[in-house]
Amino acid sequence: MVAYFKVDQEDLIAIYKEFADKFPNYKKNKIICGLFISILYLVLATSLVGVQFWRYIILFTLIMYFVGSKYVYKRALVKFVKKTVAKNKYLDEECKLTISEDKFIREYSDLITKTEWSSITMAKEDARRYFLLIFGTPQLFVIKKYPVNFTDEEINEYNTRIHQYIKNTGLNLEKVSVE
């Protein structure tokens, strides 16, 4: 079965939001970001208020660590991904996807990738696309649920096949909602 679609910036940002925490440097960088923000806050608070409120300063320093490591780092990562994605030469280029029982093949103008369904380590889906992670490399794939060249009946068959091929690998397709 051959499908055609375009992967846009929104698709790539969504997949990075879903799988960012699966990459090796993510946890280390998240901790470093939290520590940097909390130390910065600690230095500023003690220089402005003094050490007489040390209990409150320590409490708010811990809060700043969690805020920094959870929200600030994720936001900075998304900003970085947006810059990186904008340079992707395959962005908004038509992708030809051929799916079969054992593999899927993605073709762009000068790139062809063949991937076995069995090599997928994690699979997620939202309302418009599938997000696939192959951890060994690591590689991320976006597969659109509604190819431009299919009728409604063909779209249903296409999505049923993808669900079945992923299920055959022993993975559960996790449903997510990407903001």
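The structure under discussion appears in the preceding block.
Draft legend 1. Fine view of the sheet that holds strand S1 (residues 2-6). Reading across from one edge, S1-S2-S3-S4 is the order of the four strands in this open sheet, with antiparallel pairing throughout. Looking at the sheet topology across the chains shown, the edges are occupied by S1 and strand S4 (112-116). The mean angle between the axes of side-by-side strands here comes to 20°, regardless of whether they run parallel or antiparallel. Summarising the sheet, strand S2 (residues 94-99) and strand S3 (residues 103-107) pair through four bridges and their orientation is antiparallel.

Draft legend 2. Spotlight on the pattern of salt bridges. This structure, assessed with the given rule, holds seven salt bridges. Notably, a salt bridge pairs Asp 11 with Lys 144, separated by 2.9 Å at the nearest N-O pair. With Asp 11 in helix H1 (residues 9-19) and Lys 144 in strand S7 (residues 139-144), this residue pair connects regions lying 133 residues apart in the sequence. Judged by relative accessible area, which is 1%, Asp 11 ranks as buried. Its relative accessible area of 17% is what places Lys 144 among the buried residues. A salt bridge links Arg 129 to Asp 126; the shortest N-O distance between them is 3.0 Å. In terms of burial, Arg 129 and Asp 126 fall into one category: buried. Connected through shared salt-bridge partners, Asp 11, Asp 126, Arg 129 and Lys 144 make up one network.

Draft legend 3. Up close: the sheet that holds strand S5 (residues 122-125). Taken in spatial order, the four strands line up as S7-S6-S5-S8 in an open sheet, and their pairing is mixed. The open sheet has two edge strands, S7 and strand S8 (174-175), and neither has a second partner. Sheet topology places S5 next to strand S6 (residues 129-134); four bridges connect them, and they run antiparallel. For Glu 125, the partnering residue across the bridge sits in S6 and is Tyr 130. This element, helix H4 (residues 152-168), spans S5, S6 and S7 of the sheet and lies at about 25° to S6.

Draft legend 4. Layout of the environment of Asp 126. Here Asp 126 shows up in the loop between S5 and S6. In terms of polar contacts, Asp 126 uses its side chain to reach the backbone amide nitrogen of Arg 129, at 2.9 Å.

Analysis parameters
- Residues numbered from 1 in each chain as written.
- Predicted model: local features only at pLDDT ≥ 70, side-chain atom pairs only at ≥ 80, totals over all residues.
- Heavy atoms only, no water.
- Pairing = 2+ DSSP bridges.
- Helix = DSSP H or I, 4+ residues; strand = E, 2+ residues; numbered from the N terminus.
- Axes fitted to C-alpha atoms, helices over the stretch in contact; angles between N-to-C directions.
- Salt bridge = Lys/Arg side-chain N within 4 Å of Asp/Glu carboxyl O.
- Buried < 20%, exposed > 50% of the residue type's maximum accessible area, 1.4 Å probe, protein only.
- Contact = heavy atoms within 4.5 Å.
- Polar contact = N/O pair within 3.5 Å; in protein donor to acceptor, adjacent residues only side chain to side chain.

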